[in-house]
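Residue strings, one per chain:
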Amino acid sequence: MAYDDENVFAKILRGEIPCAKVYEDDHAFAFNDINPQAPVHVLVIPKGPYTSMDDFAANAKDAEITGFFRAVGAVAKQLKLDKPGYRILANHGSDGMQEVPHFHVHIFGGKLLGPMLRRGD
Ligand code: 5GP
């Protein structure tokens, strides 16, 4: 799938859509999810144009991958989630129910999060 420059996270990165920014460095940008699913729900995105985890893992440069995942850890620490714990999640494609076609990692925290996936489906 080709990268769509008009996706909502590309617009957030360009400053065309407002967001509640949490963190930024050379490789990553983080902001609060507009529809939080937990007391803390932050999205971390790479600055490069990658459609999903599949694209990022295959095509990002080593420095982008290292920088991005270090940023995920730094954001969780900045949010003081490292001690109580947190969950990260990245959806890819239709079975993953990915909505926004710019790779992103969700960070959830701030309460006991319960089982990893809904049971019984
Ligand atoms: P996905 O289902 O693609 O893994 O997650 C996309 C996430 O982006 C959803 O949790 C959704 O609430 C969030 N989202 C969609 N549009 C916006 C937006 O304009 N601003 C922010 N901050 N989050 C958004």
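Described in the following lines is the structure provided in the data block.

## Side note on the pattern of salt bridges
No. 1: This structure, assessed with the given rule, holds seven salt bridges.
No. 2: Here K83 ties to D82 by a salt bridge, and the two come within 3.8 Å at their closest N and O atoms.
No. 3: Judged by its relative accessible area of 33%, D82 falls in the partly exposed class.
No. 4: Several salt bridges share partner residues, and in doing so they unite E6, K11, R14 and E16 into one network.

## Some remarks on the side chain of D55
No. 1: Among the structural elements, D55 can be located in helix α2 (residues 53-59).
No. 2: Buried and unpaired, D55 has no salt bridge, with K61 as the nearest side chain of opposite charge at 12 Å.
No. 3: Within polar-contact distance, the side chain of D55 engages the backbone nitrogen of T51 at 2.9 Å.
No. 4: Other than its neighbours up to four places away in sequence, D55 contacts P49, Y50 and A60.

Basis of the calculations
- Residues numbered from 1 in each chain as written.
- Predicted model: local features only at pLDDT ≥ 70, side-chain atom pairs only at ≥ 80, totals over all residues.
- Heavy atoms only, no water.
- Salt bridge = Lys/Arg side-chain N within 4 Å of Asp/Glu carboxyl O.
- Buried < 20%, exposed > 50% of the residue type's maximum accessible area, 1.4 Å probe, protein only.
- Helix = DSSP H or I, 4+ residues; strand = E, 2+ residues; numbered from the N terminus.
- Lys, Arg positive; Asp, Glu negative; His and termini not counted.
- Polar contact = N/O pair within 3.5 Å; in protein donor to acceptor, adjacent residues only side chain to side chain.
- Contact = heavy atoms within 4.5 Å.

None of this, on its own, says anything about what the molecule does.
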